[in-house]
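# Coordinate analysis (summary)
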Amino acid sequence: MISTRVFPLASLLLSAAIFGFFYAWVCSTMWGLDAAGPAVAIEAMQAMNASVRNAVFFPAFFLTPVVLAVTAALLMRTGRRGAAIRFALAAGVYATGGFGVTVIVNVPMNQALAQVVVPDATEAAGEIWRSYSERCQLWNQVRAMASGLAVLLTGIGLLRIS
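Residues numbered from 1 in each chain as written. Predicted model: local features only at pLDDT ≥ 70, side-chain atom pairs only at ≥ 80, totals over all residues. Heavy atoms only, no water.

## Topic: the overall build of the protein chain
Scanning the protein chain for helices and strands turns up five helices and zero strands. Of the regular secondary structure in the protein chain, the N- to C-terminal order runs α-α-α-α-α. Projecting the C-alpha coordinates of the protein chain onto the three principal axes gives extents of approximately 65 × 25 × 20 Å. Every one of the 162 residues in the protein chain was classed for burial, and the buried ones make up 40%. Contacts spanning at least 24 positions in sequence make up 83% of the contacts within the protein chain whose residues lie at least 6 apart. A total accessible area of about 8,500 Å² is found for the protein chain, and carbon and sulfur atoms account for 69% of it. (Helix = DSSP H or I, 4+ residues; strand = E, 2+ residues; numbered from the N terminus. Buried < 20%, exposed > 50% of the residue type's maximum accessible area, 1.4 Å probe, protein only. Contact = heavy atoms within 4.5 Å. Areas by Shrake-Rupley, 256 points an atom, 1.4 Å probe, with all protein chains shown as cover.)

Following this line, the structure appears as structure tokens:
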């Protein structure tokens with residue numbers, strides 16, 4: 001059945017794409033912003049947060065848990081229980097630790113930062129940025145770990161498809 005080949009590969013592609021997105025925030029984007037002046041960091045983060053809502057980001061962020069769950073259902077229906085369980089676990093891990101954390105934690109943080117008028121005083125801007133960055137980095141690490149685990153589970157699921 002072609003759908004039990006296409007959907008698992010689409011699951012891998014989407015889960016790897018969103019893992020790469022979150023991983024890049026952890027290992028380069030936030031460190032780079034921290035190295036910039038706080039006013040620049042705030043303005044850059046405001047611009048990035050505003051630009052991320054686009055058609056290119058949509059499939060990886062929103063469709064990953066859907067495609068993983070559909071894959072799990074298709075595999076279960078065709079008797080590939082072991083593989084189906086891995087894809088279902090990947091869907092749950094990403095839906096909770098990637099998507100859920102973003103909606104519950106990161107989006108409100110980003111919306112609050114979007115309302116900030118960058119102060120002229122470097123010290124005041126630094127205080128705002130440090131407060132945002134520390135919390136953001138913690139939750140970025142959670143999202144990266146969860147989406148990385150989803151990729152791993154997807155890979156294991158692929159190996160279980162015979």
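Continuing now.
## Regarding the packing of aromatic side chains
Per the stated rule, a full pass over the model turns up 10 aromatic pairs. An aromatic cluster is built from Phe21, Phe22, Trp25, Phe57, Phe58, Phe61, Phe62 and Phe99, whose rings are joined through pairwise contacts. (Phe/Tyr/Trp six-rings, centres within 6.5 Å; stacked < 30°, edge-to-face > 60°.)

## Some points on the nonpolar core
Residues Ile18, Phe22, Phe61, Leu75, Phe87 and Tyr94 are the most contacted members of the largest nonpolar core, which totals 19 residues. Those elements giving two or more residues to this core turn out to be α1 (3-35), α3 (57-77), α4 (81-114) and α5 (122-160). Aside from chain neighbours lying at most four places away, what touches Leu75 is Thr4, Arg80, Arg81, Ala83, Ala84, Phe87 and Ile161. Counting residues in hydrophobic clusters, the runner-up holds 15 residues, among them Trp25, Ala41, Ile42 and Met109. (Core = buried A, V, L, I, M, F, W, Y, C linked by side-chain atoms within 4.5 Å.)

## Side note on the packing of α4 against α5
Taken N-terminus to C-terminus, the directions of α4 and α5 make an angle of 165 degrees; their axes are 8 Å apart at the nearest point. Accordingly, the angle class assigned to the pair α4 and α5 is roughly antiparallel. For the pair α4 and α5, the sense of crossing is left-handed. Among the residues forming the contact of α4 with α5, the class breakdown is 22 nonpolar, 10 polar and four charged. (Axes fitted to C-alpha atoms, helices over the stretch in contact; angles between N-to-C directions. Parallel < 35°, antiparallel > 145°, perpendicular 65-115°, else oblique. Left-handed = near helix turned anticlockwise from the far one by under 90°. Nonpolar A, V, L, I, M, F, W, Y, C, P; charged D, E, K, R; others polar.)

## Section: the side chain of Ser3
With respect to the element layout, Ser3 can be found in helix α1. Not counting residues within four places of it along the chain, the set of residues in contact with Ser3 comprises Pro8 and Leu74.

## Describing the side chain of Gln46
The residue Gln46 is located in helix α2 (residues 38-51) in this model. Among the polar contacts listed, one links the side chain of Gln46 to the backbone oxygen of Leu113, at a separation of 2.7 Å. Non-local contacts of Gln46, meaning those with residues more than four positions away in its chain, are made with Leu113, Ala114, Val116 and Val118. (Polar contact = N/O pair within 3.5 Å; in protein donor to acceptor, adjacent residues only side chain to side chain.)

## Quick notes on the confidence of the model for the protein chain
Looking at the protein chain as a whole, its pLDDT mean stands at 96, while 99% of the residues score no less than 70. Of all the helices and strands in the protein chain, α1 carries the lowest mean pLDDT, 95, while α4 carries the highest, 98. (pLDDT = per-residue confidence, 0-100.)

## Focus: the state of the cysteines
Enumeration over the complete set of coordinates arrives at zero disulfides. Looking at the unpaired Cys27, the closest cysteine sulfur is the one in Cys136, lying at 14 Å. Using a relative accessible area of 29% as the deciding quantity, one classes Cys27 as partly exposed. (Disulfide = S-S within 2.5 Å.)

## What to know about the environment of Glu43
With respect to the element layout, Glu43 can be found in helix α2. Judged by its relative accessible area of 46%, Glu43 is partly exposed. Distance in space between the C-alpha atoms of Glu43 and Val116 is 9.3 Å, their sequence separation being 73 residues.

## Thoughts on the packing of α1 against α3
In contact at an axis separation of 8 Å, α1 and α3 are set at 145 degrees when each is read in the N-to-C sense. In this structure, α1 meets α3 at a crossing whose hand is left-handed. Together, Ser3, Thr4, Phe7, Pro8, Ala10, Ser11, Leu14, Ser15, Ala17, Ile18, Phe21 and Phe22 of α1 and Phe57, Pro59, Ala60, Phe61, Leu63, Thr64, Val67, Leu68, Val70, Thr71, Leu74 and Leu75 of α3 make up the contact between the two elements. When grouped by side-chain class, the residues that make up the contact of α1 with α3 number 18 nonpolar, six polar and no charged.

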